[in-house]
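Examination of the molecular architecture
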Amino acid sequence: PSKALEAKLDTDESIAERFDFSRSDYRVVIALREDYLAPLEALKKVMPSLSQNRLRLAPMTGSQALEAVLQPGNRLRHGKPLVSEEVAEAIVRFVAGGSELANAEVEPSLLSLICRELNEQRIAQGRSEISQDLLAGSHETILSNFYERSLADQPDSVRRIIEDDLLTESGYRENLAEESLLRRFRTAGAAADALAKLVNRRLLRIEERLDVRRVELTHDVLTGIVKASRDARHEREAKAATERALAEQRAREQAAHRALRRTRAIAAGCTLLAALAFAAAIFAFMSFSRARHAELIAQQTRTVSEQARREAEGLLGFLTDDFVTELKTFGRYQTIAELAQREIDYFQRLPPQLEGPETARSDAYALVDRAMALDELGQHSTADRNDSQAIALLESLRRTDKSDATTVALGSAYADRCFNLIGEGRAGAIGTYPDCQRAVALLRPAGGRVGAPTGARDRYLEALVYLGLEDVNRGQNEEAVQVTREALRIEIPLTTPENSGKDIAALHVMAGTYLTIALAHLGHDEEARRVGEETLPVATRYLAQHPQSGPILGSTITLLGYGLNQVAANELDAAGAIRFTMQDVQMAHTLVGVEPKNVIYRFDLGGAYLSLGLALWQAGRLREAISNLRQAEETYGEAASGFSAALAYLVPVTRDTASLQAQLGDFTGAAATIATAEAYLSPRVLSNSGPVGQAAAAAFDATRAYAVATVAYEHRDLATAQRVADRAVAQLDAHRINGELTGDMNGMECDLFDLEAHAEYALGDFEAAARAESLALKGCKANAGANVSDQRAVAQPAIWLSMALAREGKQAEAARTIGPIVSMYRGLEKRNHGDEWLPLEFAEALYAQSLTDAQHRSVLLHEASGLVDHLIPVIARLHDTRDWRARIEAAERVEVGRGRRERRPIFEAPIRSALHRTASVVSADPADRLTSWLTLPDAARSGA
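This part covers the overall build of the chain. When its secondary structure is counted, the chain shows 40 helices and 7 strands. Going through the 944 residues of the chain one by one, you find that 47% of them count as buried. When contacts within the chain are restricted to residue pairs at least 6 apart in sequence, those whose partners lie at least 24 apart make up 65%. Carbon together with sulfur atoms contributes 54% to the accessible area of the chain, which is approximately 47,200 Å² in total.

A few words on the sheet that holds strand β5 (residues 176-177). Strand pairs in the sheet, formed through backbone hydrogen bonds, run parallel or antiparallel to each other. Here 3 strands make up an open sheet; going across it, the order is β5-β7-β6 and the pairing antiparallel. A single partner strand is all that each edge strand has here, and the edge strands are β5 and β6 (204-209). The pairing of β5 with strand β7 (residues 212-217) spans 2 bridges and is classified as antiparallel. Across the sheet, the residue bridging to Leu 176 is Val 215, located in β7.

With respect to the helices, strands and loops of the structure, His 521 is situated in helix α19 (residues 504-521). Here His 521 falls in the buried class, since its relative accessible area comes to 17%. In this structure, His 521 is in contact with Asn 477, Tyr 562, Gln 566, Gly 785, Ala 786 and Asn 787, ignoring residues within four places of it in sequence.

Now for the state of the cysteines. Scanning all chains against the criterion turns up 1 disulfide. Disulfide pairing places Cys 750 opposite Cys 780 at an S-S distance of 1.6 Å. Of this pair, Cys 750 sits in helix α30 (residues 744-762) while Cys 780 sits in helix α31 (residues 766-783); the two residues are 30 residues apart in sequence, bridging distant segments of the chain. A single burial state applies to Cys 750 and to Cys 780, both of which are buried.

What follows covers unusual backbone geometry. A positive phi angle is found at Arg 202, which is not glycine, with a value near 70°. Turning to its location among the elements, Arg 202 is positioned in the loop between α9 (194-200) and β6. For Leu 572, which is not glycine, the phi dihedral falls at a positive 60°. Within the fold, Leu 572 resides in the loop between α21 (550-570) and α22 (574-594).

As enumerated under the stated definition, the model contains 9 aromatic pairs in all. When the centroid spacing of 5.0 Å and the interplanar angle of 65° are considered together, the rings of Tyr 761 and Phe 766 count as edge-to-face. Counting every residue linked through ring pairs, the aromatic cluster contains Tyr 761, Phe 766, Trp 800, Tyr 847 and Trp 884. For the cation-ring pair, Arg 579 lies above Phe 580, with the distance from its terminal atom to the ring centre recorded as 5.3 Å. Just above the ring of Trp 884 sits the side chain of Arg 887; from NZ or CZ to the centre is 4.7 Å.

Looking now at a negative patch on the surface. A cluster of like negative charges, contributed by Glu 6, Asp 10, Asp 12 and Glu 13, occupies part of the molecular surface. Structurally, Asp 12 is set in the loop between α1 (3-11) and α2 (37-41).

Relative to β7, β6 runs antiparallel, the two being bridged by 6 bridges. Bridge assignment links Arg 209 to a residue of β7, and that residue is Val 212.

Of all residues in the chain, 79% attain a pLDDT of 70 or more, and the chain-wide mean is 77. Element-level mean pLDDT values for the chain span from 37 in helix α38 (residues 905-920) up to 93 in helix α34 (residues 838-850). Across residues 425-431, where pLDDT falls below 50, the model places 16 contacts with residues more than four positions away in sequence or in other chains. In this model residues 494-502 is a low-confidence stretch, pLDDT under 50, and it forms 23 contacts with partners more than four residues away in sequence or in other chains.

Turning next to the packing of helix α32 (residues 788-808) against helix α33 (residues 811-830). Where α32 contacts α33, the two axes come as close as 9 Å, and the packing angle between them is 145°. Considering how the two elements wind past one another, α32 and α33 form a crossing that is left-handed. Residues Val 788, Gln 791, Arg 792, Ala 795, Gln 796, Ala 798, Ile 799, Leu 801, Ser 802, Leu 805 and Ala 806 of α32 lie in contact with α33, whose contacting residues are Gln 811, Glu 813, Ala 814, Thr 817, Ile 818, Ile 821, Met 824, Tyr 825 and Leu 828. Looking at the contact of α32 with α33 residue by residue, the classes come out as 13 nonpolar, 5 polar and 2 charged.

The next thing to look at is the pattern of salt bridges. Across all of its chains, the model carries 42 salt bridges by this definition. One salt bridge in this structure joins Arg 361 and Asp 401, with 3.1 Å as the shortest N-O distance. Here the residue Arg 361 occupies a position in helix α13 (residues 357-376), and Asp 401 occupies one in the loop between α14 (380-398) and α15 (404-426), the gap between them amounting to 40 residues. The class for Asp 401 is buried, based on a relative accessible area of 15%. The salt bridge involving Glu 527 is made with Arg 485; its shortest N-O contact spans 2.5 Å. Residue Glu 527 is found in helix α20 (residues 525-545), and its partner Arg 485 is found in helix α18 (residues 477-489); the two are separated by 42 residues along the sequence. For Glu 527, a relative accessible area of 22% translates into the label partly exposed.

Another aspect to go through is the environment of Ala 191. When you line up the elements, Ala 191 lands in the loop between α8 (178-187) and α9. Accessibility expressed as a relative area gives 46% for Ala 191, which makes it partly exposed. Taking the C-alpha atoms as reference points, Ala 191 and Val 158, separated by 33 residues in sequence, lie 9.9 Å from one another.

In this section: the side chain of Thr 703. As for its placement among the helices and strands, Thr 703 is situated in helix α28 (residues 690-714). Taking relative accessible area as the criterion, Thr 703 reaches 0% and is therefore assigned buried. If sequence neighbours within four positions are ignored, Thr 703 has contacts with Val 651, Thr 654, Arg 655, Ile 674 and Met 748.

Moving on: α18. When the terminal C-alpha atoms of α18 are compared, their 18 Å separation across 13 residues agrees well with the 18 Å that a helix rising 1.5 Å per residue should span. Taken residue by residue, α18 has Asn 477, Ala 480, Val 481, Val 483, Thr 484, Glu 486 and Ala 487 as its buried positions.

Let's shift gears to the nonpolar core. Membership of the largest hydrophobic core comes to 126 residues, with the highest contact counts inside it found for Leu 752, Ile 799, Met 803 and Tyr 825. Leaving out residues up to four positions away in the same chain, Leu 752 has contacts with Ala 702, Tyr 706, Ala 725, Ala 728, Val 729 and Leu 732. Ranked by size, the runner-up nonpolar core spans 51 residues in total, among them Ala 390, Val 483, Leu 515 and Ile 517.

Moving on: the packing of helix α25 (residues 645-663) against helix α26 (residues 667-680). Following both chains from N to C, one finds α25 and α26 inclined at 170°, their axes separated by 7 Å at the closest point. With respect to α26, the element α25 is oriented roughly antiparallel. Read as a crossing pair, α25 and α26 show a hand that is left-handed. Contacts from Leu 650, Thr 654, Thr 657, Ala 658, Gln 661 and Ala 662 of α25 reach α26 at Phe 667, Gly 669, Ala 670, Thr 673, Ile 674, Ala 677 and Tyr 680. In terms of residue class, the contact of α25 with α26 is made up of 8 nonpolar, 5 polar and no charged.

An ideal rise of 1.5 Å per residue puts 28 Å on 20 residues; helix α17 (residues 454-473) measures up with 29 Å between its terminal C-alpha atoms. Judged by how many residues are buried, α17 sits mostly within the fold: 16 of 20 residues are covered.

With respect to the helices and strands, the residue Ile 888 is situated in helix α37 (residues 879-899). Ile 888 sits 44 residues away from Glu 844 along the chain, and the two C-alpha atoms are 8.8 Å apart. Every residue in contact with Ile 888, bar those within four places of it in the chain, is listed here: Ala 843, Tyr 847, Leu 861, Ala 864, Ser 865 and Val 868.

Another aspect to go through is a nonpolar patch on the surface. A cluster of nonpolar side chains, Tyr 26, Val 28, Ile 30, Leu 32, Leu 43, Val 46 and Met 47, forms an exposed patch at the surface whose accessible area comes to about 680 Å². Checked against the element boundaries, Leu 32 lands in the loop between α1 and α2. Classification of Leu 32 by relative accessible area gives partly exposed; the value is 38%.

Thresholds applied
Residues numbered from 1 in each chain as written. Predicted model: local features only at pLDDT ≥ 70, side-chain atom pairs only at ≥ 80, totals over all residues. Heavy atoms only, no water. Helix = DSSP H or I, 4+ residues; strand = E, 2+ residues; numbered from the N terminus. Buried < 20%, exposed > 50% of the residue type's maximum accessible area, 1.4 Å probe, protein only. Contact = heavy atoms within 4.5 Å. Areas by Shrake-Rupley, 256 points an atom, 1.4 Å probe, with all protein chains shown as cover. Pairing = 2+ DSSP bridges. Disulfide = S-S within 2.5 Å. Phe/Tyr/Trp six-rings, centres within 6.5 Å; stacked < 30°, edge-to-face > 60°. Lys NZ or Arg CZ within 6 Å of the ring centre and 35° of its normal. Patch = residues over 30% accessible without salt bridge, like charges linked within 9 Å, V, L, I, M, F, W, Y side chains within 5 Å. Salt bridge = Lys/Arg side-chain N within 4 Å of Asp/Glu carboxyl O. Lys, Arg positive; Asp, Glu negative; His and termini not counted. Charge placed at Lys NZ, Arg CZ, Asp CG, Glu CD. pLDDT = per-residue confidence, 0-100. Axes fitted to C-alpha atoms, helices over the stretch in contact; angles between N-to-C directions. Left-handed = near helix turned anticlockwise from the far one by under 90°. Nonpolar A, V, L, I, M, F, W, Y, C, P; charged D, E, K, R; others polar. Expected span 1.5 Å × (residues − 1). Core = buried A, V, L, I, M, F, W, Y, C linked by side-chain atoms within 4.5 Å. Parallel < 35°, antiparallel > 145°, perpendicular 65-115°, else oblique.

Below you can see the structure in the form of structure tokens.
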């Protein structure tokens, strides 16, 4: 309380009764960057308002920017505001590049910086207000003045460090560890408080990432000014270097001129001596001797020069290999590409007589390094050409040179092309898998034996890991297990000096990760969990010891979390799956924050959101699940323009999300989900993605139709749902290869046939429903593994198929179809640890079996009814759940009638009611007739 209030309380105690001292009325505003949003989500349980009161800072409109200038500027000084409305409008137009206020889009950070600089100029000139003449110049002029003033009292070396180390070659912000920057400042002779001054002046800022304090430029708006200053400095330095070279050239010319004068004087003396024949003979003899001696020296010089050239090339290759590895650790792929191009230019300018096996191998390694860097930068076609050039060069060399060095170089080139093709999103494509296999076959003799040289061993390990990744991508999990186990048997101490800073640890972690995923897909949960839990601490420990390896290992750790999540899903451990996937989201968010433009990290973030969304859905947290699935869709969409593999995931996650939203009755949200994906699947993105884009376009057309059919089905417009799904299936036929669909097309066909069968079953066309469900089952099995999630996905069409067969009177076939499904669910129900959908799926299977087993029908229906009665409310309220409850209850009523023949009306009542209701809607609207028909119990509908 204020002192005045304390005095009143002392004099009049009754005042205290009017105050509630236990209350604390305050509000908290949390401002943070979007890449730190995921950790904040963890607080939603204890602070639910976090998800309700959220505002994203976007570019301002003209009116918002005007308000932002006027409100702080209306403070009166000497009877006047600091900024008049006219000047404020001029400032906003100035920042918006001349746009009128109605159309202006203003970057808040730029507006803040411009206003601050204008106020600094006002204070410096002793003015009472900011006038329009202070706006003379441009954004760049004001920002340039700010930049120059910030560095005015710093040595030139500090400017050089900021411009070279905190800005990429192409002009984007770069960050540097604080301790590294301080060390460079000290080496450059800067004052001890130089960094603190630049932070206080808002030129630099410090952020903590992965427990490391890192320094970067304060605003993106400064990058253009800093780059311009750097370019101007480079131009000055180049000009100065040119002038020095010219000065040296002039000095050499002057020396040559003096030497020429001396030579002329000597020549005159020789002319006089030529008169003496004896002297001339002696002079000739001496000249001949000198010439022979000079020729001998020249020959020795050429030999030494050739040896020095070979040693220099070897040293260049050695330094480049180490340097490239170090640059990869920090993600400096543009620098790697430029360095490799200089090597390539050097080797390709050599005369043919100087080329040899070592030169060809060095040239090929430079091409491979450049391909790797360009692939990371998204220049896939150029990377492909570089890899192909390296392979052609080495294949030609290997016809005459069978040495281990050439074989290892060729295997490395094939391994790199294999990995680049996978990175392009062409996993499983024709050509990718043979490259991976050829790399392993070439490298195994040299790198797979005991005591193999370190270089050959490392290359072989790399090829094995890439082949394992491609096996996982192709669904060849048994092969992936075999390959990754072989990789893990190559024991390499990860903390020895020779491996420090290299990505050998990442390769071992990748092998363990792909082994975990393959084992989980095969349903070998115990071994998968053991391998994953052994791999995770190795990765995190090495990451703690070598934080610069974060970009290499972080993405792999995210994939490892996916594998452990698969194990948790197989074990029906919903809480464990959520825990693993939330860790994945946080790790992926951190990586995206470190490298916002890295599409691979963004792709990994999409996968983490997808896994979290599915885990939340299985746990019955449906709204949270939809939110994360939408995040996955948007993140995949953002990555799709630079990483075509994202397209293969964007389409199915869109389909799943829209379908789940329709189940919740959120038809508007389902339409928005489809529209979001459509915006990302632009013609330019699809055309740039080659075969992956063509497949994604076809799958998305089917996805759009599936969403329409799903909404129609949930609206009980069954005829429309059946018609749309059937037409979409027919369109998929155009994309068959040798009569078969590939990849997600099988999953799409499964979903469409399944939805079509549901509609036909509800319409009473059981023969058509059985036919469609058989095709759905075939499509689902084509993509299914041995893990629990896939087997549950296969079980759904099998349940409906058995129901349709039973309604057709094919009881024996229906019983053979549903028997294994019920047995599977009985085993799963015994070890369920929080999967809220399993009871409903089990109840569906029991109902289907009751249609085939008259002897135990009552018991099966009673068990199914008990499972449905204990569903959590959010699932129990869904349309589909209510349909299942109605089916089971109607069947139970029929069983009661059969068991009590003296009360036959109980059995006949549903039929009479159905006949009455059917007659009442014969002349009604078709949609109403379908709705009424669907709400009838199965038995009553069949009887009617």
